[in-house]
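Coordinate analysis (summary)
So you can see what is in the structure, the chains are spelled out below.
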Amino acid sequence: MIQSAPVTVPTRAAPEHAPPTAGRANRPTEIRSIGLVFLCTLVGAAAQILMKYGTGRLPANPGLAALALNLPLVAGFACYAVNTVLLVLALRRGHLSVLYPIIALTYVWVTILSPRIFHDPVNALKAVGVGLIVIGVSMIGAGSRA
Amino acid sequence: MTTPFSSMVLVLAASFIGSFGAVSLKAGADRLPPGILHLFRSWRIALGVALFLFSSVFYLWGLKHGSLTVLYPLVSLGYVWTLFWSRLFFREPFNRFKVLGLALILVGVLFIGLGNR
């Protein structure tokens, strides 16, 4: 029964380091990839917040040791590394033109979180900006499934 | 706060370099055999990461002077370049959702930049 199910795996069996065939490169974007980029934006927001928090606690003229021992800063860099890995994994199964603009959600998380963490002021302009980005990203995502 | 022209050029350069980082990551991702470890052995992915790092140097350099209101939206122009490259290099289709969605994102980033003044 399982064997009779239509399974599409030939793309996985593509020869290593072969240039992408039109079929592989142009398949529609998978939901899994959209989920991975979504996760990427959360990790990216964490990276930005950690780095801002870390740089705020640095002395005036930090040496290399002060940078390396600054835990939030190091954690921020680590988040950027995870961020890149997630993005590449997402890009394996989807269009760059769909997945890349989703990264703009990072602005949304940072704008929502920084008033809580850094007591940045909240205002209507930021709220409108967040709303527009969410609508724009949803539109691109929805368009990729249409 | 007035934004020097040099800052705008630097941030624009950052967005341009960064968009090629995205292209290199995508080209690398398309050629990856299964298995997460291959990710660390692909020169295209290494080049993409290098371009991202390189672009962030320009970005930080640009942000030293000038207002976020002007510079933030310039950064997000990277999404526009990437849309063109994805059509040029990967033959991905344009559709009205992508164009309209991207326009909304740019205006949204502009608003957040204005709100951060």
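Note that the structure is a prediction, hence the values are computed from the model and not measured.

About the thresholds
Residues numbered from 1 in each chain as written. Chains lettered and ligands numbered in written order. Predicted model: local features only at pLDDT ≥ 70, side-chain atom pairs only at ≥ 80, totals over all residues. Heavy atoms only, no water. Axes fitted to C-alpha atoms, helices over the stretch in contact; angles between N-to-C directions. Helix = DSSP H or I, 4+ residues; strand = E, 2+ residues; numbered from the N terminus. Parallel < 35°, antiparallel > 145°, perpendicular 65-115°, else oblique. Left-handed = near helix turned anticlockwise from the far one by under 90°. Contact = heavy atoms within 4.5 Å. Nonpolar A, V, L, I, M, F, W, Y, C, P; charged D, E, K, R; others polar. Core = buried A, V, L, I, M, F, W, Y, C linked by side-chain atoms within 4.5 Å. Buried < 20%, exposed > 50% of the residue type's maximum accessible area, 1.4 Å probe, protein only. Buried area = accessible area lost by both parts, 1.4 Å probe. Salt bridge = Lys/Arg side-chain N within 4 Å of Asp/Glu carboxyl O. Polar contact = N/O pair within 3.5 Å; in protein donor to acceptor, adjacent residues only side chain to side chain. pLDDT = per-residue confidence, 0-100.

**A closer look at the packing of helix H4 (residues 71-91) of chain A against helix H1 (residues 5-30) of chain B**
- Their axes nearest at 8 Å, the elements H4 of chain A and H1 of chain B cross at an angle of 60°. By the angle between their axes, H4 of chain A is oblique relative to H1 of chain B. Seen from above, H4 of chain A lies across H1 of chain B with right-handed handedness. Mapping the contact onto sequence places Thr84, Leu87, Val88 and Leu91 of chain A in H4 of chain A and Ala22, Leu25, Lys26, Ala29 and Asp30 of chain B in H1 of chain B.
- Residues of the contact of H4 of chain A with H1 of chain B, tallied by class, amount to six nonpolar, one polar and two charged.

**Concerning the environment of leucine 67 of chain A**
- Along the chain, leucine 67 of chain A falls in helix H3 (residues 64-68).
- In sequence terms leucine 67 of chain A and threonine 55 of chain A are 12 residues apart; their C-alpha atoms lie 8.7 Å from each other.

**Structural notes on the nonpolar core**
- In this structure, Tyr107 and Ile133 of chain A together with Tyr79 and Ile105 of chain B are the most contacted members of the largest nonpolar core, which totals 46 residues.
- For this core, the secondary structure elements donating two or more residues are helix H2 (31-56), H4, helix H5 (96-102), helix H6 (105-118) and helix H7 (124-145) of chain A together with H1, helix H3 (68-90) and helix H4 (96-115) of chain B.
- Broken down by element, this core gets its largest block of residues, eight residues, from H4 of chain A.
- Ignoring any residue separated from it by four or fewer positions in sequence, one finds tyrosine 107 of chain A in contact with Ile133 of chain A together with Tyr72, Val75, Ser76, Tyr79, Val109 and Ile112 of chain B.

**Brief notes about the interface of chain A and chain B**
- Between chain A and chain B, the residue contacts involve 42 residues of the former and 46 residues of the latter.
- For the pair chain A and chain B, the summed buried area comes to about 3,800 Å², and 72% of that belongs to carbon and sulfur atoms.
- Connecting chain A to chain B are zero salt bridges.
- In this assembly, chain A and chain B are joined by 10 residue pairs in polar contact (both at pLDDT 80 or more).

**Some points on the confidence of the model for chain B**
Residue and element names in this part refer to chain B.
- With 99% of its residues at a pLDDT of at least 70, chain B reaches an overall mean of 90.
- Across chain B, the element-wise mean pLDDT spans from 89 in H3 up to 94 in H1.
- This complex was scored by the predictor with a pTM of 0.83 and an ipTM of 0.90.

**Overview of the pattern of salt bridges**
Residue and element names in this part refer to chain B.
- Summed over all chains, the structure comprises two salt bridges over all chains.
- Across the pair aspartate 30 and lysine 26 runs a salt bridge, and its minimum N-O distance is 3.0 Å. Of this pair, aspartate 30 and lysine 26 both sit in helix H1, separated by four residues, roughly a single helical turn.
- Overall, the relative accessible area of 1% leaves aspartate 30 in the buried class.

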